[in-house]
Amino acid sequence: MTTAPRKKLIEVSIPLEAINKASAREKSIRHGHPSTLHLWWARRPLAACRAVLFAQLVDDPSSWPEKFGHDEEKIEAERRRLHKVIEEMVPWEASNDEHILNGARWEIARSVAWGLGEEPPAKSDGKALLAYLQEKAPPVYDPFSGGGSIPLEAQRLGLRAYGSDLNPVAVLIGKALVEIPPKFAGLPPVNPKSQAELKRGGRWNGRGAQGLAEDVRYYGRWMRDEAEKRIGHFYPKTKLEDGSEATVIAWLWARTVRSPDPAAKGAMVPLVSSFMLSTKEGKKAWVEPVLDPAEPDGWRFEVKTGKLDKADEDRLKLGTKAGKGQGFVCLLTGSTIERSYAQAEGKSDRLGSKLMAVIMEGDRRRIYLAPATADEQLARSAGAYPVVSEARASFLSPETPTRALITGGVCSAYGLRTWGHLFTDRQILALVTLNKLVEEARQVVGSDAKNVGALADANGYADAVATYLALSASRQVNRSCTLNFWDNTSQKIQQVFGRQAFAMTWDFVETNIFSNSTGNFLDQLEFPAKSIESWVNGTSQCYIEQLDAAKNNYPVRPVVVSTDPPYYDNIGYATLSDFFYVWLRVSLGGIWPDLFRRLTTPKDQELVATPFRHGGKAEAEAFFMKGIGNALIAIRGAATNDVPIAIYYAFKQSEASDDGISSAGWASFLQGVVDAGLLIDGTWPVRTELTGNLKGKINALASSIVLVCRKRSDTSQTVDRAGFTAALRRELPDAIAKIRAAGVGPVDMQQSVIGPGMGVFTRFSEVLEDDDSAMSVKTALSVINRVWEEIDNEILATFDAETQVALAWFASYGLDPRSSGELIMLANAKNTSTDALFDSEVFIDLRGKTALKPRDELSPSWSPRKDRRLTVWECVQHTARALDLKNEQGGAQAAAQLVAEMGPKATDARALLDRLFQIATDKGWAAEALVYNQLAEEWPHLVDRAANISDELKPTEMGDLFA
């Protein structure tokens, strides 16, 4: 008889609100965050990856009958303790905290040891814990490793980690993030400066990969200095009016086109999005086009500062966009230049450019000057260098085109159809120089490493340092392109990939890579160095390979699979990453020959449903479904039976329909999971936006739904629709209660309920319709949502009459006053009276009119224990009043006191929050919806606080508080 695998925490309950809060906050972390090593798109937050892996591997307390028996109170208390472990572990500040990490590692080791009938090492013995996990715990494998977040977090938790990806840029980033650092952890830097300091001071006290980071900084600075010696004359200082010199940080260019208006006599005129250089009050600066017959095209640019009046603003509209989606205005004649005309000129390579302004770093401010003729001549003279023409003829040639048909990409529509079109001659010269210097730096590192003599593999170390230097140069590409624009609000250069596309820019900015300001090379060097520095000391070796997930044979098995596959047709990673690949191939082709053996990244096998690549929408969907199906089948074959599979999948809440389907991609993917023989028994919505930050856009949350899957038994049976529905009605109530207890807010309930609902559906080999056809996933989702609604309606029907009247009133009128007659009819329908409604203080009497009592008029001294007519409505509204989110401690404690006194009404109050949120959302009352969602997400913390208060209350007053 086969023993059923133990249930894991992720299959029952996780502290979702804490995970989402930490994930959202991560977006503001810059220095030292692994994502700053190099750009990769749609990375999963580290906090979420860490929490999901932990919950995948740690047993749910219900799996430990030897310790907790079947005592639900003890089991729930242990769950809450494990939730606190996760809550302590997910903040960014905890990511390198050995005490916190060892606590998490011990929890994983304890579950592993229990399964083996062993005792885990002591929690205080970090080295023993790591050794135990690396020997006894199953390895983690991410077959779509992308930017490496999941392997990194597996490594951080002390587990053996593996990853693979089809895209060579992703593989390189993954290797640099998790594979290279442990090879050289604990070693001192080899550069002469650090070695001299070590000889004077003795022993190296650095931790982790700090020595490697120091060498990346040192040799990166060497590269920068060497580059300046060779091409620094293309980046001269500029004289100011007072005779002093200032370092130029950027040059602002306008694209130009020959005016189609005959009155312009064939002159080239500017195409500009905005002439503003600085919009900051008191420091406004702008470029002003001036008509000047002495100029070849009859105009020139001047730079002005001060105040803009209405006449100035009208004048500056000439030469700019006529409006969103429209063309431009001719500077000379005021006639419209249609977009189609600009596109045709661009495709015929007839777009030009004109220098608009020179930007310098001043004393606590930017200095803007009009360009001199010499400035433009110098920039264009870079094209005389042979390396520039060689680059345009080789890796920047039409052999390596950009793509027109990519989400949001428009630059190719205007003729920017090869990588060469995206760079000025000076940018190409700078980038080629930096990338060529990577190999020279590698030789210097290798020589210095051999001189030190402490490294067993000096050449391998030189390759490692060169890899990070190449990634720094690749980061520079994102700041040295004609798709960069000048942000006139923050007054800095913005990167190419503000979104996942090659968006067209009309006025573009060219950076000075040798400055100490925006877009310079030392900044691009420092981010990777800090990322290496933050690598966790003492964790396991990790391996990243280039493999096609649909054909992956998993040389290591069985494994714990935690992965983030591509989302249907969302992002064309292969096309986007070519932007970096063509440059990385220059610097790293000799170091990583297998990764850079092709001219561009592989695209035919990429699992994205792109119609232009596969001959149509239907063909693209068929390709995606076949490929993702094969990948899921391979995952099922490699995954261990003891640990559930976790699959992240993109989901946009604003696309959700009544049946829980956001798009063809979502339903198709779920169908693919089912067809691969996997059982879905959990869905957790992981967000990178907090609901409180959405400012009215409560339904625009971008989520990743984490699907928790098990292998479906080969002996599973069929069932008809009635049997499926009956099973849902039996199992969903308890599942919904656990989801709410985990802190899932109403905004995420629909996607969370899919988990247990699909768990029932996928438990059967088939669910048969009345005509004996197999029920589809799409139909199953509709059934699940309908049963969930019925269950919630039954719960609401048990509420007190006052709450039911208040709910009906809120759905019809919100918080607005209406005629008392309306309330009388509602009260009669619910078999109560207006006197009872006023006496309960749910409603207020306005003499002929009535309304729900506003929260700000509720008594702060209200107590559930003392209320003679306690209603669920009051429990919700008073708790929302007490929970002052601006005063987290005081408000939370006051709210928890109310929860502690509610008794069984606490469970009812939490259920009511979902309905109130839905009504407010449907009515467009965003502020009110946020109140209920935030309260629901905070509810588990209030329950925890209430547990500490409960001993002050009589047991009979507590009731089933933690149901």
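Look up: the structure comes first, before these words.
Residues numbered from 1 in each chain as written. Predicted model: local features only at pLDDT ≥ 70, side-chain atom pairs only at ≥ 80, totals over all residues. Heavy atoms only, no water.

Draft legend 1. Here's a closer look at the nonpolar core. Judged by nonpolar contacts, the single largest core of 236 residues is most densely connected at Phe 423, Phe 579, Trp 583, Leu 707 and Phe 724. Setting aside its immediate chain neighbours within four residues, Leu 707 contacts Ile 645, Ala 646, Ile 647, Trp 666, Phe 669, Leu 670, Val 673, Ile 680, Gly 682 and Thr 683. Core analysis: the second largest hydrophobic core is formed by 48 residues, Leu 883, Ala 896, Tyr 932 and Trp 939 among them. (Core = buried A, V, L, I, M, F, W, Y, C linked by side-chain atoms within 4.5 Å. Buried < 20%, exposed > 50% of the residue type's maximum accessible area, 1.4 Å probe, protein only. Contact = heavy atoms within 4.5 Å.)

Draft legend 2. Region of interest: the sheet that holds strand E26 (residues 849-852). Spatially, the three strands line up as an open sheet ordered E24-E26-E25, and their pairing is antiparallel. Since the sheet does not close on itself, it has two edges, and those belong to strand E24 (818-819) and strand E25 (843-845), each with one partner. The pairing of E25 with E26 spans three bridges and is classified as antiparallel. Bridge pairing in E26 places Phe 843 opposite Leu 852. Running at roughly 100° to E26, helix H25 (residues 801-813) makes contact with E24, E25 and E26 of the sheet. (Pairing = 2+ DSSP bridges. Helix = DSSP H or I, 4+ residues; strand = E, 2+ residues; numbered from the N terminus. Axes fitted to C-alpha atoms, helices over the stretch in contact; angles between N-to-C directions.)

Draft legend 3. Molecular detail of the sheet that holds strand E7 (residues 276-278). If you trace the three strands from one edge of the open sheet to the other, you get E7-E8-E9, paired in antiparallel fashion. The open sheet has two free edges, formed respectively by E7 and strand E9 (299-305), since each of these has just one partner strand. Adjacent strand axes in the sheet meet at a mean angle of 30°, parallel and antiparallel pairs treated alike. Sheet topology note: the E7/strand E8 (residues 285-291) ladder contains two bridges and is antiparallel.

Draft legend 4. View of empty space enclosed by the protein. Taken as a whole and assessed by the stated rule, the structure comprises six cavities of 30 Å³ or more. Estimates place the volume of the largest cavity at around 70 Å³. Lining the largest cavity are 13 residues, and of these Pro 34, Leu 177, Ser 531, Ser 534 and Trp 535 sit closest to its centre. Of all elements in the fold, only helix H7 (149-156), helix H8 (168-179) and helix H17 (521-533) reach the threshold of two or more residues within the lining of the largest cavity. The residue makeup of the lining of the largest cavity, split by class, is ten nonpolar, two polar and one charged. (1 Å grid on protein atoms, 1.4 Å probe; cavity = no way out; pocket = protein on both sides within 12 Å on 5 of 7 lines; lining within 4 Å. Points joined across faces, edges and corners; volume = space filled by probe spheres on them. Nonpolar A, V, L, I, M, F, W, Y, C, P; charged D, E, K, R; others polar.)

Draft legend 5. Layout of the pattern of salt bridges. Under the defined criterion, the tally for this structure stands at 51 salt bridges. The closest approach of N and O atoms between Glu 731 and Arg 763, which form a salt bridge, is 2.7 Å. With Glu 731 in helix H22 (residues 721-741) and Arg 763 in helix H23 (residues 746-763), this residue pair connects regions lying 32 residues apart in the sequence. By relative accessible area, Glu 731 is classed as partly exposed at 31%. Between Arg 869 and Glu 802 there is a salt bridge, with its nearest N and O atoms 2.9 Å apart. With Arg 869 in the loop between E26 and helix H28 (872-882) and Glu 802 in helix H25, this residue pair connects regions lying 67 residues apart in the sequence. Arg 869 sits in the partly exposed class, given a relative accessible area of 32%. Each of Glu 78, Arg 81, Glu 107 and Arg 110 takes part in salt bridges that share partners, so that together they form one network. (Salt bridge = Lys/Arg side-chain N within 4 Å of Asp/Glu carboxyl O.)

Draft legend 6. Quick peek at the packing of aromatic side chains. One pass over the full model with this rule turns up 37 aromatic pairs. Ring centres 5.1 Å apart and planes at 75° place the aromatic pair Phe 184 and Tyr 461 in the edge-to-face group. Here Tyr 461 lies in helix H16 (residues 458-477) and Phe 184 lies in the loop between H8 and helix H9 (192-201), a separation of 277 residues in the sequence. Note on Tyr 461: relative accessible area 1%, which makes it buried. With 6.2 Å between their ring centres and 55° between their planes, Phe 275 and Phe 301 make a pair best called tilted. (Phe/Tyr/Trp six-rings, centres within 6.5 Å; stacked < 30°, edge-to-face > 60°.)

Draft legend 7. Up close: the packing of H25 against helix H30 (residues 905-923). Taken N-terminus to C-terminus, the directions of H25 and H30 make an angle of 15°; their axes are 9 Å apart at the nearest point. The angle between the axes of H25 and H30 places the two elements in the roughly parallel class. Along this stretch, H25 crosses H30, giving a crossing that reads as right-handed. Seen from H25, the contacting residues are Thr 803, Leu 807, Phe 810, Ala 811 and Ser 812; seen from H30, they are Leu 912, Arg 915, Leu 916, Ile 919, Ala 920 and Lys 923. Residue composition of the contact of H25 with H30, grouped by class: seven nonpolar, two polar and two charged. (Parallel < 35°, antiparallel > 145°, perpendicular 65-115°, else oblique. Left-handed = near helix turned anticlockwise from the far one by under 90°.)

Draft legend 8. Region of the structure containing helix H15 (residues 425-452). Taking 1.5 Å per residue as the helical rise, H15 with its 28 residues ought to reach 40 Å, and the 40 Å between its terminal C-alpha atoms agrees with that figure. Approximately 25° is the largest bend angle found in H15, and it occurs at Val 438. Just downstream of H15, Gly 453 is the residue with a positive phi angle, here 80°. (Expected span 1.5 Å × (residues − 1). Bend = angle between axes of the 7 residues up to and from the residue.)

Draft legend 9. Representation of the side chain of Arg 426 in the model. Counting through the fold element by element, Arg 426 comes out in helix H15. For Arg 426, the contacting residues outside a window of four places in its chain are Phe 234, Tyr 235, Trp 251, Ala 379, Ala 382 and Glu 510.

Draft legend 10. Summary view of the side chain of Asp 165. Within the secondary structure, Asp 165 is located in strand E2 (residues 161-165). Within the structure, the side chain of Asp 165 is placed 2.9 Å from the backbone nitrogen of Asn 167, a separation counted as a polar contact. Not counting the four nearest positions on each side in its chain, Asp 165 is found in contact with Pro 143, Phe 144, Ser 145, Gly 146, Ala 170, Val 171, Glu 545, Gln 546 and Leu 547. (Polar contact = N/O pair within 3.5 Å; in protein donor to acceptor, adjacent residues only side chain to side chain.)

The quantities given are spatial measurements derived from coordinates; they are silent on function.
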